Amino acid sequence: MTTQYSSGRGSSGNLLVILVSLILGAVALAVFVRHATTGILARVANSITGRATTFDTSVPAVVQRIQRLNRLETVVYSIDTVVEGSKSSAVLPDLLAGDRILLVVHGQSIAGTDLSQLKPEDVHIQNTDGGQSIRVTLPPSQLFMTTLDNQHTRVYLRSTGVLVPADPNLETDTRAKAEQQIQQAALGDGILDAASKNARATLTTLLYSLGFKQVDVT
């Protein structure tokens, strides 16, 4: 009688090799899918994962997405200037009763478009053979704020008549005057037109990223 013995070492070794191969293959596949973002490799990766990025391009969804941008600040207008404030007497000369201040001013105006004002009737979407097209009419651009940079705004000169004390409100009034002058300068240099142009460019890029084939923003 012959007794035969069989060892399980061979089958266990094969199973371990298969398991390691599966793990390495999964890791390699994950690395490929993560880094294949362009060209034919991206298409292969998408076919493997079976996922595609889609967006809701209905009018309410698009309006809501645009409105999330809220106050879209697109232009910052900065200026350095000197602003004078003064008070004079109707009777006495400035040497006796005048009060004069010169401010070296650094300030800025910020303009943009308040996209929260966008209405559904401002957005028109059409389905064409080449894909969806969209036309958006933006709200008018606005000057959101004008402020002085207090760290870079200082009193350059202050002179007061010999018969009167310095007016404590003159500097405050001159700062307010400086803000008005900066605002007028920004408007005169076309800050609102620049804000509209930049808002259209920003929104056009956003809409193309949502998958629209034709975009018209006015």
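As the structure is a computational prediction, the values presented were derived from the model and not from experiment. (Residues numbered from 1 in each chain as written. Predicted model: local features only at pLDDT ≥ 70, side-chain atom pairs only at ≥ 80, totals over all residues. Heavy atoms only, no water.)

This next bit is on the sheet that holds strand β3 (residues 123-128). Adjacent strands of a sheet form backbone hydrogen bonds with each other and so pair up, either parallel or antiparallel. One open sheet holds the 3 strands; their spatial order is β3-β4-β7, and the pairing between them is mixed. The open sheet has two edge strands, β3 and β7 (214-217), and neither has a second partner. The sheet shows a mean angle of 10 degrees between the axes of neighbouring strands, direction not considered. Summarising the sheet, strand β4 (residues 131-136) and β7 pair through 4 bridges and their orientation is parallel. For I134, the partnering residue across the bridge sits in β7 and is V215. Packed on one face of the sheet, helix α3 (residues 59-67) meets β3 and β4 and runs near 130 degrees to β3. Packed onto the sheet, helix α6 (residues 191-209) meets β4 and β7 and runs at close to 155 degrees relative to β7. (Pairing = 2+ DSSP bridges. Helix = DSSP H or I, 4+ residues; strand = E, 2+ residues; numbered from the N terminus. Axes fitted to C-alpha atoms, helices over the stretch in contact; angles between N-to-C directions. Contact = heavy atoms within 4.5 Å.)

Grouped together as the largest cluster of nonpolar side chains are 18 residues, with contacts concentrated most on I134, V136, L203 and L207. Looking at this core, the elements that each hand over two or more residues are α3, β4, α6 and β7. Setting aside residues no more than four positions away along its own chain, L207 makes contact with V62, I66, I134, V136, F212, V215 and V217. In this structure, V83, L103, V105 and I182 belong to the second largest nonpolar core, which totals 8 residues. (Core = buried A, V, L, I, M, F, W, Y, C linked by side-chain atoms within 4.5 Å. Buried < 20%, exposed > 50% of the residue type's maximum accessible area, 1.4 Å probe, protein only.)

Right, let's get into unusual backbone geometry. The phi torsion at N70 lies on the positive side, around 55 degrees, for a residue other than glycine. By the secondary structure assignment, N70 is in the loop between α3 and β1 (71-87).

Once that is clear, we can look at the side chain of D114. Position of D114 relative to the elements: it lies in strand β2 (residues 99-114). In this structure D114 is buried but unpaired, with R71 as the nearest side chain of opposite charge at 5.8 Å. Among the polar contacts made by the side chain of D114, one reaches the side chain of S116 at a distance of 2.5 Å. Those residues in contact with D114 that sit more than four places away from it in its chain are N70, R71, P139, Q142 and F144. (Lys, Arg positive; Asp, Glu negative; His and termini not counted. Salt bridge = Lys/Arg side-chain N within 4 Å of Asp/Glu carboxyl O. Polar contact = N/O pair within 3.5 Å; in protein donor to acceptor, adjacent residues only side chain to side chain.)

Now for the packing of aromatic side chains. Under the definition given, this model contains 0 aromatic pairs. It is R71 that lies over the ring of F144; its NZ or CZ is 4.0 Å from the centre. (Phe/Tyr/Trp six-rings, centres within 6.5 Å; stacked < 30°, edge-to-face > 60°. Lys NZ or Arg CZ within 6 Å of the ring centre and 35° of its normal.)

Turning our eyes to something else, we now look at the confidence of the model for the chain. Per-residue confidence for the chain averages 82 on the pLDDT scale, and 76% of its residues sit at or above 70. The least confident element of the chain, judged by mean pLDDT, is helix α2 (residues 39-49) at 56; the most confident is strand β5 (residues 142-148) at 95. Confidence over residues 1-8 falls short of pLDDT 50; this stretch has 0 contacts with residues more than four positions distant or in other chains. (pLDDT = per-residue confidence, 0-100.)

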